Amino acid sequence: LQAAAEGGHLEVVERLLAANADVNAAAATSYNGRTALQAASQGGHLEVVKRLLAANTDVNATASTDGWTALQAAAATEGGHLEVVERPLAANADINATDRKGLTALQKTVERGHLEIVEIL
């Protein structure tokens, strides 16, 4: 599921979920320690993010490598993904969650200079 989400392959994600793939499976170390939602969020794959959230994925799960949540992954990645950031926020993501360095999504976003995302956080 993480690989399909990371690649933005919505149809594959749909089939895996239909086959009872665990939407909250532990983060795979081979995918930077990210859950499916974190991988899709970091990649900016809006439709996959929406589908995973609809499947009740844990919006506040943290990656095993850097401690990022899906919100942090979408907000702080190179370029930022404004539309993706809005989805975890709507799903009650913890905007004050910190990564392994103690930084929140807002702090990481400021660091990257993503003004539009800073404004909604």
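Residues numbered from 1 in each chain as written. Predicted model: local features only at pLDDT ≥ 70, side-chain atom pairs only at ≥ 80, totals over all residues. Heavy atoms only, no water.

## Things to note about the overall build of the chain
Where we set the bar: Secondary structure elements follow DSSP: runs of H or I no shorter than four residues count as helices, runs of E no shorter than two count as strands, and numbering proceeds from the N terminus. With the radius of gyration taken over C-alpha atoms, the globule rule is written as 2.2 Å times the number of residues to the power 0.38. The buried label goes to any residue with under 20% of its type's maximum accessible area, the exposed label to any with over 50%, and the partly exposed label to all in between, with areas taken from a 1.4 Å probe on protein chains only. Two residues qualify as a contact provided that any one of their heavy atoms is within 4.5 Å of a heavy atom in the partner residue. Neither His nor the chain termini are counted; the positive set is Lys and Arg, and the negative set is Asp and Glu. Where a charge lies is defined by one atom per residue type, namely NZ (Lys), CZ (Arg), CG (Asp) and CD (Glu).
Of regular secondary structure, the chain possesses 8 helices and 0 strands. When its helices and strands are written in sequence order, the chain yields α-α-α-α-α-α-α-α. Here the C-alpha radius of gyration of the chain, 13 Å, is about what a compact globule of 121 residues would show, namely 14 Å. By its C-alpha atoms, the chain is 40 × 25 × 25 Å across when sized along the principal axes. Relative to its 121 residues, the chain shows a buried fraction of 42%. Expressed as a percentage of contacts within the chain between residues at least 6 apart in sequence, the contacts between residues at least 24 apart total 67%. In the chain, 9 side chains carry a positive charge and 15 a negative one; their mean positions are 4 Å apart.

## What about helix α6 (residues 82–90)?
How we decide: Here, the arc refers to the directions that run from the helix axis to the C-beta atoms.
Those residues of α6 not exposed but buried are Val-84, Val-85 and Pro-88. Buried residues along α6 cover an arc of 105 degrees about the axis, so they all sit on one side. Facing away from the buried side of α6, by more than 90 degrees, are the exposed residues Glu-83 and Ala-90. Where α6 ends, the next residue or the one after it, Asn-92, has phi of about 65 degrees, a positive value.

## Topic: the pattern of salt bridges
Going by this rule: Within this document, salt bridges are pairs made up of a side-chain nitrogen of Lys or Arg and a carboxyl oxygen of Asp or Glu, the two lying within 4 Å of each other.
For the structure shown, the criterion picks out 6 salt bridges. With a closest N to O distance of 3.4 Å, Arg-15 and Glu-11 form a salt bridge. Taken as a pair, Arg-15 and Glu-11 lie in helix α2 (residues 10–18) at a separation of 4 residues, close to a single helical turn. Looking at Arg-15, the relative accessible area reads 58%, which means it is exposed. Notably, a salt bridge pairs Lys-108 with Glu-111, separated by 3.1 Å at the nearest N-O pair. Of this pair, Lys-108 and Glu-111 are both found in helix α7 (residues 105–112), 3 residues apart, which corresponds to roughly one turn of the helix.

## Regarding the nonpolar core
Applicable threshold: In this description, a nonpolar core means a group of buried Ala, Val, Leu, Ile, Met, Phe, Trp, Tyr and Cys residues linked to one another through side-chain atoms lying within 4.5 Å.
Counting residues in each nonpolar core, the largest one holds 24 residues, and the members touching the most others are Val-13, Leu-37 and Leu-52. Secondary structure elements with two or more residues in this core: α1 (2–7), α2, α3 (36–43), α4 (46–54), α5 (70–76) and α6. The leading source of residues in this core is α4, at 5 residues. Sequence-distant contacts of Leu-52, defined by excluding residues within four places in its chain, comprise Leu-1, Ala-5, Val-13, Leu-17, Val-23, Ala-36, Leu-37, Ala-40 and Thr-57.

## Details of the packing of α2 against α4
For clarity, the threshold we go by: Between N-to-C directions, angles span 0 to 180 degrees; the directions come from axes that are lines fitted to C-alpha atoms, helices contributing only their stretch in contact. By the definition adopted for this analysis, an angle is roughly parallel if under 35 degrees, roughly antiparallel if over 145, roughly perpendicular if from 65 to 115, and oblique otherwise. Helix crossings are classified by the rotation of the near helix relative to the far one: an anticlockwise turn of less than a right angle makes the crossing left-handed, while a clockwise turn makes it right-handed. Gly is placed with the polar residues, together with every amino acid not listed as nonpolar (Ala, Val, Leu, Ile, Met, Phe, Trp, Tyr, Cys and Pro) or charged (Asp, Glu, Lys and Arg).
At a minimum axis separation of 9 Å, α2 and α4 run at an interaxial angle of 15 degrees. In this view, α2 runs roughly parallel relative to α4, as classed from their interaxial angle. Crossing of α2 against α4: the hand is right-handed. Every residue of α4 that contacts α2 at Leu-10, Val-13, Glu-14 and Leu-17 is listed here: Glu-47, Val-48, Arg-51 and Leu-52. Split into classes, the residues belonging to the contact of α2 with α4 amount to 5 nonpolar, no polar and 3 charged.

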